[in-house]
Amino acid sequence: MRYLTAGESHGPRLTAIIEGVPAGLSLTVEDINVDLKRRQGGYGRGGRMKIESDQVEITSGVRHGKTTGAPITLHVVNKDHQKWLDIMSVEDIEDRLKSKRRIARPRPGHADLVGGMKYRFDDLRNSLERSSARETTMRVAIGAVAKRILTELSIEIANHVVVFGGKVIDVPEGLTVSHIKELAKESEISVVNREREQEIKDYIDQIKREGDTIGGVIETVVGGVPVGLGSYVQWDKKLDAKLAQAVVSINAFKGVEFGMGFQAGHHKGSEVMDEILWNEEEGYTRRTNHLGGFEGGMTNGQPLVIRGVMKPIPTLYKPLMSVDIDTHEPYKATVERSDPTALPAAGVVMEAVVATVLAQEILEKFSSDNMEELKAAVQSHRTFVRNF
Ligand code: EPS
């Protein structure tokens with residue numbers, strides 16, 4: 001399964017083409033719209049999300065509610081485009097109009113300046129438009145299709161915010177993936193510990209008043225993953241490495257860890273490895289899950305525990321110092337609309353990219369022209385592993 005996304009933040013629409021989805025998968029626009037809505041929500045979102053109400057249109061690859069195996073094309077219209085018709089026009093326009101929303105004062109931490117140097121732009125808006133987190137709309141749409149495949153194979157995925165602008169959320173031990181999903185869904189800030197909800201919302205309000213932004217850490221968990229996805233035989237076949245790339249590719253994400261992650265550097269081997277157990281009912285299990293479900297770059301049947309860190313959004317109402325590219329004089333960076341935090345939304349994006357990589361890996365390992373064939377292959381593998 002492969003895909004591309006296209007589209008600018010204020011262009012007419014966002015597009016994705018996905019190829020390699022098995023035939024016979026039930027897929028409706030509603031399956032995708034549910035996640036698009038989740039991505040637009042969460043406490044701390046900014047003004048753009050009040051303008052948009054993202055809805056997908058499927059224009060190929062699905063017939064009578066089922067995929068056909070042909071490429072699936074997805075579109076989401078940018079409602080805001082109506083106010084940007086000149087500025088985002090495909091045809092050339094008068095110079096007078098071009099200067100209207102031209103960007104000459106790059107925002108620190110955003111793609112503006114380096115993008116301009118790399119592609120030789122006179123107007124840094126060309127970088128801003130594609131590097132905006134608006135692009136993650138399509139990654140969520142693609143992830144929703146991937147999640148349909150995972151659901152058919154009884155694989156469940158959830159995410160929750162575990163650090164909010166430096167405030168650590170204490171997570172009760174022993175929560176299942178379903179439990180995390182339910183609890184995070186009820187929270188406006190995607191936390192499983194509701195006792196912290198008001199305090200964090202007040203903090204977000206304070207940050208907004210200050211014209212600032214906050215980042216944090218999101219945890220994505222996956223249950224029911226077949227043993228042996230990914231491989232140790234070559235560096236680029238390791239599944240944890242593929243997931244790391246996908247997570248760090250999300251706008252503003254700066255790092256990723258699995259299981260106890262960076263904490264492993266603070267403990268002895270005997271405190272880190274997960275001892276192997278066997279029982280009649282489940283077959284092989286582990287006493288703990290410090291390694292987050294991966295051994296040798298392969299899934300080991302334990303729940304996947306993946307954490308990603310998101311830096312604060314670089315677009316600030318309280319702009320930082322920058323340099324004007326016309327004069328080289330110091331100036332305050334351009335103020336573009338922003339959100340004090342997009343952590344709950346970024347959690348939906350992280351869930352989507354993790355689901356996409358897992359679906360890709362499953363489709364690579366198992367015979368998958370059609371969903372029936374795929375389900376039978378996964379079932380037979382699970383039976384083999386169970387009896388090993
Ligand atoms: C976003 C769309 C953007 C921003 C935000 C996230 O829309 P606009 O630029 O019209 O306000 O609200 O992106 C950023 C702040 C950024 O720096 O990329 C979205 O759809 O998630």
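One can find the structure itself at the top, above this paragraph.
About the thresholds
- Positions within a chain are numbered from 1, following the residues in the order the chain's sequence is written.
- Thresholds applied to this predicted model are a pLDDT of at least 70 for local features of residues and 80 or more for the giving and counting of side-chain atom pairs; totals over whole chains, interfaces and linings are not thresholded and use all residues.
- Values shown for side chains rest on all heavy atoms present in the structure; no hydrogens or waters enter the calculation.
- Per the convention used, a helix needs a DSSP run of H or I reaching at least four residues, while a strand needs a run of E reaching at least two, with both numbered from the N terminus.
- Radius of gyration: over C-alpha atoms. The globule rule applied is 2.2 Å multiplied by the number of residues raised to the 0.38 power.
- Only protein chains enter the accessibility calculation, which uses a 1.4 Å probe; a residue whose area is less than 20% of its type maximum is buried, one above 50% is exposed, and one in between is partly exposed.
- Note on contacts: a residue pair qualifies if any of its non-hydrogen atoms lie within 4.5 Å across the two residues.
- Only the protein chains shown count as covering a residue, and every accessible area follows the Shrake-Rupley method with a 1.4 Å probe.
- Charged-residue counts in this description rest on Lys and Arg as positive and Asp and Glu as negative, His and the chain ends being excluded.
- Every charge is mapped to an atom, namely NZ of Lys, CZ of Arg, CG of Asp or CD of Glu.
- For helices, the fitted line uses only the C-alpha atoms of the stretch in contact; every axis is such a line through C-alpha atoms, and the angle between N-to-C directions lies from 0 to 180 degrees.
- Angle categories are assigned with fixed cut-offs, so that under 35 degrees is roughly parallel, over 145 is roughly antiparallel, 65 to 115 is roughly perpendicular, and the rest are oblique.
- Left-handed describes a crossing whose near helix is turned anticlockwise from the far helix through less than a right angle; right-handed describes the clockwise counterpart.
- Under the grouping applied here, Gly and all other residues not named as nonpolar or charged are polar, the nonpolar ones being Ala, Val, Leu, Ile, Met, Phe, Trp, Tyr, Cys and Pro and the charged ones Asp, Glu, Lys and Arg.

Student: Please give an account of the overall build of the chain that cites residues and values.
Tutor: When helices and strands are tallied, the chain shows 12 helices and 17 strands. Against the compact-globule benchmark of 21 Å for 388 residues, the chain has a radius of gyration of 22 Å, which places it among compact chains. When burial is assessed residue by residue, the chain has 49% of its 388 residues classed as buried. In the chain, the proportion of contacts linking residues at least 24 apart, taken out of those at least 6 apart, comes to 70%. Total accessible area on the chain stands at roughly 19400 Å², and carbon and sulfur atoms take up 53% of it. The centroid of the 51 positive side-chain charges in the chain is displaced by 3 Å from the centroid of its 55 negative side-chain charges.

Student: For the packing of helix H6 (residues 136–152) against helix H11 (residues 343–365), give the residues involved together with the corresponding values.
Tutor: Between H6 and H11, the least distance of the axes is 7 Å, while the angle of their chain directions is 50 degrees. Taken together, H6 and H11 sit at an angle that is classed as oblique. Note that H6 runs across H11; the crossing there is left-handed. For the pair H6 and H11, contact is made by Thr136, Arg139, Val140, Ile142, Gly143, Ala146, Lys147, Ile149 and Leu150 and by Val348, Val349, Glu351, Ala352, Val353, Ala355, Thr356, Leu358, Ala359, Ile362 and Leu363, respectively. Of the residues assigned to the contact of H6 with H11, the class counts are 14 nonpolar, three polar and three charged.

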